[in-house]
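# Tertiary structure, described
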Amino acid sequence: QTHRFFGSTEAVYAGTRGIDIAERLSEQVSTRDSVKIWLETTAVAIYEEKTVGVWRASDDQYLLIKPEILLVATGARERSLPFKGNTLPGIYGAGAFQTLVNRDLVRPARNLFIIGGGNVGLIAGYHALQAGINVVGLVEALPKCGGYKVHEDKLARFNVPILTSHTILEAKGKDHVQSVIVAKVDDQFHPIQGTEREIPCDCVLIAVGLNPVDEFISKAKEVGLPVHAAGDAAEIAEASAAMFSGKIAGLEIAQVLGVDAPEIPKSWRDFESILKSRPGEIFKLDSGVLQGDVFPIMHCRQEIPCDPCASVCPNNLIHIDAADIRHLPEFCPEAGKNCIACERCVAICPGLAITLVDYRRDKDNPTVSIPMEFAEHYLEKGNVVAVTDVEGHVLGQFPVLRTRTIKPYTHTLVVRVQVPAEIAVEVAGIRLIAGWNQPMKTEDNFVEETDQENIVCRCEHISADQIRQLIREGVRDINQLKAATKATMGACGGKTCLSLIRKIFREEGVPLEEVTDPPQRPVFVEVPLEILARNRQEAD
Ligand code: SF4
Ligand code: SF4
């Protein structure tokens, strides 16, 4: 991940970009002699003998390991969504889209439409904007986005239409997605007839949540292999919570193994649940707290577990309740200790939610420093830029006086603009307009009628209608659905479609307690048969 992480700076490196945290963690592990790291190696199965089957691609070995304890930190996989046309080229899961844009530096679209207003969808939307992709809209079925408001605000500043209480009905196109049909939903999430509308786009990103990759956990429990879990494999939460749950799991395992390890403090458990908490209440900015000639404004007004701004101030002027870092940050100037306008708080904030207002040179036309994560050439000194408030309303066009990056907060530009005093405290962002949020050309909007299906099992090409029909005929056993349709029997082993099939049962009013799940059999990951056969021969 290329964005700065939320959470606690002290405990989980909040304020540092995900890719840099990954490097630090991997360094910590690789410098320990006691830890053997096998790269290019995949755990593929757990067997009744309490062994873990591991395929080591580096030397093409299949190994059976008998651990005393297993720690599963396999993360999560994306949920999919059945809708008509959902297998058209141009429709991506958020992970694939972000890999293309952030790692491979490929721009797979000009006009992106997003399904899902959780953190993944909101962050992917901002990554798309950073890559110069126009985000034509985002639908969220709930009445409000489930992700952090600071992420939503980043999209609002670029005028991305966020349609809450809306869903996608269909993706249209012949060889490639050309538009989507969306509609409002009622409080039961059923589309409301007559509210449909078509939005042209050439790419759709599905970000409708994650499922834990937990088949290793359940199989280990089934065969009696002691197992611990950490991160999203145990419970879907923010990355900071995943790291902290890993620390706890490590200590738990050390204790079980009889290593002389300290007790896990209760405060750690409490802190873990704070890091896992959902975004909380949204408060209005109290302008009474803005004092002095120069001060930061925290436009982050929602309770989220985050504290980098409080840890970075050289004069310790930004306070967050250390006992509960979900509380809002406050600027607390003290006698003899004023803000020195170092702009570090502006640069470190993962939500790009802090501005610094400076009246010292010109009381009537103060400067406002604004964080932006865009290439420098978009924001050069002398440019006139559209400045917005936190909700994305344009407040006017104002000149850029200076841009800079502050070590070690690279890739975050701190852009200083000069604005009239009466709007200075409202300024929260800049809307770059060149190339972004331009409507698609009319000739792109023509979409032929096509006969697309609503696919649930992509491997075996089984539609939601086929599954629904069998459920209506009385099928309550997923094994029977498998036998009748081959759904869940493809290469992925049901990793995508199984949860969609359960969803269809729920939509049809069938409680999941009445539904028989299929057994989980190893292997859980595709592996060439030859590899397993070779191992068997060796064992013989
Ligand atoms: S600009 Fe620097 S001194 Fe002022 S509040 Fe932010 S971190 Fe502290
Ligand atoms: S203002 Fe502080 S608490 Fe809020 S997102 Fe930024 S760094 Fe985190």
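From a predicted model like this one, the values you see are computed outputs, not experimental measurements. (Residues numbered from 1 in each chain as written. Chains lettered and ligands numbered in written order. Predicted model: local features only at pLDDT ≥ 70, side-chain atom pairs only at ≥ 80, totals over all residues. Heavy atoms only, no water.)

A word on the site of ligand 1. Every residue close to ligand 1 is listed here: Pro296, Cys313, Pro314, Cys339, Ile340, Ala341, Cys342, Glu343, Cys345 and Leu356. Cavity membership is defined here by more than half of the atoms lying within 2 Å of grid points; on that basis ligand 1 lies in the second largest cavity. When the residues that make up the shell around ligand 1 are grouped by side-chain class, the tally is nine nonpolar, no polar and one charged. (Near = heavy atom within 4 Å. 1 Å grid on protein atoms, 1.4 Å probe; cavity = no way out; pocket = protein on both sides within 12 Å on 5 of 7 lines; lining within 4 Å. Sits in = over half its atoms within 2 Å of the grid points. Nonpolar A, V, L, I, M, F, W, Y, C, P; charged D, E, K, R; others polar.)

Our next topic: helix 5 (residues 149-157). With eight of nine residues buried, helix 5 lies mostly within the body of the structure. Among all positions of helix 5, only Lys149, Val150, His151, Asp153, Lys154, Leu155, Ala156 and Arg157 are buried. On its buried face, helix 5 sits against helix 4 (119-130), strand 8 (134-140), strand 9 (162-164), strand 21 (384-388) and strand 24 (429-431). Note on helix 5: the residue one or two positions beyond its end, Asn159, has a positive phi of about 65°. (Buried < 20%, exposed > 50% of the residue type's maximum accessible area, 1.4 Å probe, protein only. Helix = DSSP H or I, 4+ residues; strand = E, 2+ residues; numbered from the N terminus. Contact = heavy atoms within 4.5 Å.)

Turning our eyes to something else, we now look at the domain arrangement of the chain. In terms of domains, the chain is made up of domain 1 (9-74 + 213-275), domain 2 (78-211), domain 3 (287-431) and domain 4 (453-540). Taking only C-alpha atoms, the centre of domain 2 and the centre of domain 3 are 29 Å apart. Facing 13 residues of domain 2, the contacting portion of domain 3 comprises 20 residues. Taking both partners together, domain 2 and domain 3 bury about 1500 Å²; carbon and sulfur atoms supply 55% of that area. (Domains from an automatic or database assignment. Buried area = accessible area lost by both parts, 1.4 Å probe.)

Moving on to empty space enclosed by the protein. Empty space left among the atoms is revealed by rolling a probe the size of a water molecule over them. The tally for this structure, following the rule as stated, stands at four cavities of 30 Å³ or more. As a volume, the largest cavity reaches approximately 130 Å³. Forming the walls of the largest cavity are 19 residues, and the residues nearest its centre are Cys300, Cys306, Cys309, Pro329 and Cys349. A breakdown of the residues in the lining of the largest cavity according to their chemical character gives 15 nonpolar, three polar and one charged. (Points joined across faces, edges and corners; volume = space filled by probe spheres on them.)

Taken together, Phe6, Met298, Cys300, Cys306, Pro308, Cys309, Ile320, Pro329, Cys349, Pro350 and Ile354 make up the full set of residues adjacent to ligand 2. Tallied by class, the residues present in the shell around ligand 2 amount to eleven nonpolar, no polar and no charged.

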